[in-house]
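These are the residues of each chain, in order.
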Amino acid sequence: MKQRPRRVILRKLLLRRRGNKRLWPALLSLCLGTAILLYAIILYTGFRDALSGKYDKSSIEGTYLTISKQIDAEQEITKQKPALFSNTEIRALGSLPVVQDIGMFTSARFPVEVAFKGDSMQFSTRLFIESVPDRFIDNKPLDWYWQYTAKEVPVIVSTEFLNLYNYGYASNQGVPQLTMGTIQSLHFTLNIGTGNNAAEYTARVAGFSDRISSILVPEAFIQYGNKHFAPAQQEPQPSRLILKVKDPSDDLLVEYLHEARYETNNELLRANRMRTVVYAATLGMGLLAIVLLLMGGTVFTLFTELTVARAQHNMQLLVQLGYSPRFLSRFIFRRYVFIILAVMAAAGIVAIYAQVRTAKAALEMGIHIARFPGWEVWVALAVVTVVLLVLVERKVDKGVR
Amino acid sequence: MRLSINHLIPLPLKQQHNTYNATAWKQDLVFNQGEHILVQGPSGSGKTLFINTLYGLRKDFAGKVHWGAYNLHEITAQQLSQLRAASISVVFQDLRLFPELTVWENIDIKRRITDTVTGYDAEQWLGRLGLGNKLEAPAAQLSAGEQQRVAIVRALSQPFEWLLLDEPFSHLDFFNRQKAVALIKEVAGYTRAGIIVSSVAMNEDFVYDKKMLL
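As the structure is a prediction and not an experimental result, all values here were calculated from the model. (Residues numbered from 1 in each chain as written. Chains lettered and ligands numbered in written order. Predicted model: local features only at pLDDT ≥ 70, side-chain atom pairs only at ≥ 80, totals over all residues. Heavy atoms only, no water.)

Asks: Please set out the overall build of chain A residue by residue, giving values where relevant.
Replies: Looking only at helices and strands, one finds twelve helices and twelve strands in chain A. Expressed as a percentage of the 401 residues in chain A, the buried residues total 45%. A separation of at least 24 residues holds for 77% of the contacts in chain A among residues at least 6 apart in sequence. Total accessible area on chain A stands at roughly 21,900 Å², and carbon and sulfur atoms take up 59% of it. (Helix = DSSP H or I, 4+ residues; strand = E, 2+ residues; numbered from the N terminus. Buried < 20%, exposed > 50% of the residue type's maximum accessible area, 1.4 Å probe, protein only. Contact = heavy atoms within 4.5 Å. Areas by Shrake-Rupley, 256 points an atom, 1.4 Å probe, with all protein chains shown as cover.)

Okay, structure coming up:
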């Protein structure tokens, strides 16, 4: 006699397929609800990470903000009161919970002139140079240092300046556009000081900064220059500060900057508005997901109750033949474990796909978010799975008993 | 395993039984393994009630029933399952086959609980009772006599120390009855199992050690 596995016979007795069509809407609802819940978490965490600069280089300024004071009309006309930050104001900014670090721009107080003599182009211009603490520099070059004996000075230029040149000046004046590599290969003459108290150096563009709109040189060079080539005067207070913040769209920070009349880039405010919209959208999605989960979960558990009730007669007879109620409830439960795990796996796959697509779409907008779901998503998936398993196990156990 | 019965009386019979005629109710009885017991009484006298009570299907009785150390009033569901799977087997009066399963599946679902009886043996036993060509037939399509023979083979398809037979041959003709009795004696003899048979009439199917009236 051909042997059939016992589970096949038990399935025939306990898990008849009649009425299983009703199960599909419940499973679909569970899968959709879980997928939407996970996607809401993905959006929330993705946007939160983008704001906190976890994956940095974000176009919404990540964690670094450059701030300055608003210039009012009186200052503009009289030039009597420069918009500088006092030590008290710097301390007050540093005490904000959202501010993790604060750095000051140090400007050169000596004359600076840069000159270039090439075959097809020559120029000479006065300009300003600044320095910031090294920890605030993005894309810091390996050779970013200077000693007073060195004749070559590394310089970091804002990518905005390069863009201005390539897409504004070069197009307008009919001169060739330049790549970063070309610029980095050029050497400039850097003259500092005046009269007898002057020195000549060679300047080389060592890198470009997305973060800081300025022409930066190492702090050691500015300090040396200010000491030896600047007119004797006290070190002035800084006019610009660079802040490292947890979340540049933080309501408290936005409010503080507004009230203190400090200026920063507009991206900050845009991020703040975007956050409100994204959080509202994720909250709506979360609520929809919970409704779908409740509906799907209710229908699914009702279905398990119905299955157990339909199998009641055969279950009693199996118990009379020597099967233990525990064994039978495990047998029925195992079937639902498989179904629940399959549905949750499907929701997880949808979530991974959604995250990959979202990350790609966000990258096109210049926002960096993780390409794969973070721990929050997996924890949510695990919680939904465990809750469903516990609910179904209880229903089956109750039915079998 | 010893079966001890102390003052057993099912609650439905408490007010109506005739203590003078019955030798099963409200008695102190001890049956040792290997003994053959006949429980005889007319229809409605409580034979099925007696068998079902011993098998643990009913809890509505006064007195005590002990299977070895297990008191049926205190036994857990798990212990009762173990007892039914490996120590006590039964042929129900109403047979209780699964009509949606085939003959073989009805046997196999019992046999696979312990897997101590081989599929070959079970198939041979079905053949001896004239059901060798009906293994794949749905139980629902069998005659009452055929169903009774399937129920007998099912009861033998597990290890047992006691076999409870509730009017087991009521649908069988003389020759099929002889074959069934021979098979039961043979299989029960392997382990010196005890047998309790209920019947409406006296019979000499087995050599009875005790006979009780209901």
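Okay, back to it.
Asks: Would you mind going over the interface of chain B and chain A in detail, with residue names and values included?
Replies: Contacts between the two partners involve 27 residues from chain B, matched on the other side by 22 residues from chain A. Around 2,200 Å² of area is buried between chain B and chain A when both sides are counted, 57% of it from carbon and sulfur atoms. Sorting the residues of chain B by area buried against chain A places Phe-98, Ile-109 and Arg-112 of chain B first, and these three jointly supply 27% of that buried surface. Where chain B meets chain A, there are one salt bridge. (Buried area = accessible area lost by both parts, 1.4 Å probe. Salt bridge = Lys/Arg side-chain N within 4 Å of Asp/Glu carboxyl O.)

Asks: Describe the side chain of Asn-203 of chain B, and please don't skip the residues or the numbers.
Replies: All names here are of chain B. On the secondary structure map, Asn-203 appears in the loop between strand 8 (194–199) and strand 9 (210–213). Among the polar contacts listed, one links the side chain of Asn-203 to the side chain of Ser-199, at a separation of 3.4 Å. Side-chain polar atoms of Asn-203 contact the backbone nitrogen of Asp-205, separated by 3.1 Å. Not counting residues within four places of it along the chain, the set of residues in contact with Asn-203 comprises Leu-38, Arg-177 and Tyr-208. (Polar contact = N/O pair within 3.5 Å; in protein donor to acceptor, adjacent residues only side chain to side chain.)

Asks: Can you lay out the nonpolar core for me, pointing to particular residues and giving the numbers?
Replies: Within the largest apolar cluster, 52 residues are counted, with the highest numbers of intra-cluster contacts made by Leu-14, Phe-300, Leu-318 and Ile-332 of chain A together with Ile-109 of chain B. Those elements giving two or more residues to this core turn out to be helix 1 (6–14), helix 2 (23–52), helix 9 (267–310), helix 10 (312–321), helix 11 (325–364) and helix 12 (375–400) of chain A. Sequence-distant contacts of Leu-318 of chain A, defined by excluding residues within four places in its chain, comprise Leu-10, Leu-13, Leu-14, Tyr-323 and Leu-328 of chain A together with Phe-98 and Ile-109 of chain B. Counting 39 residues, the second-largest nonpolar core is a separate cluster that includes Trp-104, Val-117, Leu-126 and Ile-184 of chain B. (Core = buried A, V, L, I, M, F, W, Y, C linked by side-chain atoms within 4.5 Å.)

Asks: Tell me about the layout of surface pockets, and name the residues and values.
Replies: All names here are of chain A. By volume, the largest pocket is sized at about 750 Å³. Broken down by element, the residue count for the lining of the largest pocket peaks at five residues, all from helix 5 (residues 159–173). For the lining of the largest pocket, the class distribution of residues is 23 nonpolar, two polar and no charged. (1 Å grid on protein atoms, 1.4 Å probe; cavity = no way out; pocket = protein on both sides within 12 Å on 5 of 7 lines; lining within 4 Å. Points joined across faces, edges and corners; volume = space filled by probe spheres on them. Nonpolar A, V, L, I, M, F, W, Y, C, P; charged D, E, K, R; others polar.)

Asks: Describe the confidence of the model for chain A, and please don't skip the residues or the numbers.
Replies: Residues shown with low pLDDT carry predicted positions that ought not to be read at fine detail. Across chain A, the average pLDDT comes to 84, with 90% of residues at or above 70. Element-level mean pLDDT values for chain A span from 58 in helix 3 (residues 73–78) of chain A up to 93 in helix 10 of chain A. (pLDDT = per-residue confidence, 0-100.)

Asks: Report on the packing of aromatic side chains, specifying residues and quantitative values.
Replies: Enumeration according to the criterion identifies 21 aromatic pairs over all chains in this entry. Their ring planes at 50° and their centres at 5.4 Å tell us that Phe-116 of chain A and Phe-188 of chain A sit as a pair that is tilted. With Phe-116 of chain A in strand 4 (residues 112–117) and Phe-188 of chain A in strand 8 (residues 187–194), this pair connects stretches of sequence that are 72 residues apart. No difference in accessibility class separates Phe-116 of chain A from Phe-188 of chain A, as the two residues are buried. Ring plane angle 80° and centroid distance 5.8 Å describe the contact between Tyr-55 of chain B and Phe-92 of chain B, whose orientation is recorded as edge-to-face. Within this pair, whereas Tyr-55 of chain B is found in the loop between helix 1 (47–54) and strand 4 (61–67), its partner Phe-92 of chain B is found in the loop between strand 6 (88–91) and helix 3 (103–114), the two being separated by 37 residues in sequence. (Phe/Tyr/Trp six-rings, centres within 6.5 Å; stacked < 30°, edge-to-face > 60°.)

Asks: Summarise helix 3 of chain B; cite the residues concerned and give the values.
Replies: For an α-helix, 3.6 residues make a turn, and residues three or four places apart therefore share a direction. Across the twelve residues that make up helix 3 of chain B, a large majority, ten, are buried. For helix 3 of chain B, the full list of buried residues reads Val-103, Trp-104, Glu-105, Asn-106, Ile-107, Asp-108, Ile-109, Lys-110, Arg-111 and Arg-112 of chain B. Turning to helix 3 of chain B, the residues buried within the fold contact helix 1 and helix 10 of chain A together with helix 2 (77–86), strand 6, helix 4 (119–128) and helix 5 (144–156) of chain B. In the segment just after helix 3 of chain B, Asp-115 of chain B is the residue with positive phi, at about 55°.

Asks: Now, about the pairing of strand 8 of chain B: what can you tell me, with residues and values included?
Replies: Residues and elements named next belong to chain B. Burial within strand 8 is extensive, with six of its six residues counted as buried. Residues Gly-194, Ile-196 and Ser-198 line one face of strand 8 and the alternating positions Ile-195, Val-197 and Ser-199 line the opposite face, and both faces are buried. Here strand 3 (residues 36–40) runs beside strand 8; their pairing, made up of five bridges, is parallel. Of the residues in strand 8, the one forming a bridge with Ile-37 is Ile-196. Two elements, strand 7 (residues 162–166) and strand 8, share five bridges in a ladder whose sense is parallel. Bridging from a neighbouring strand, Trp-162 pairs with Gly-194 of strand 8. A crossover connection joins strand 7 to the parallel strand 8 through helix 6 (residues 174–190); in handedness this β-α-β unit is right-handed. (Pairing = 2+ DSSP bridges. Right-handed = clockwise from strand over helix to strand, strands pointing away.)

Asks: Account for unusual backbone geometry, naming residues and giving values.
Replies: Although it is not a glycine, Arg-261 of chain A sits at a positive phi angle of roughly 60°. Here Arg-261 of chain A lies in the loop between helix 8 (251–259) and strand 12 (262–263). Note on Arg-261 of chain A: relative accessible area 46%, which makes it partly exposed. Phi angles above zero are rare outside glycine, and Glu-167 of chain B is one such case at about 45°. Mapping Glu-167 of chain B onto the fold places it in the loop between strand 7 and helix 6. Relative accessible area serves as the criterion here: at 15%, Glu-167 of chain B is assigned to the buried category.

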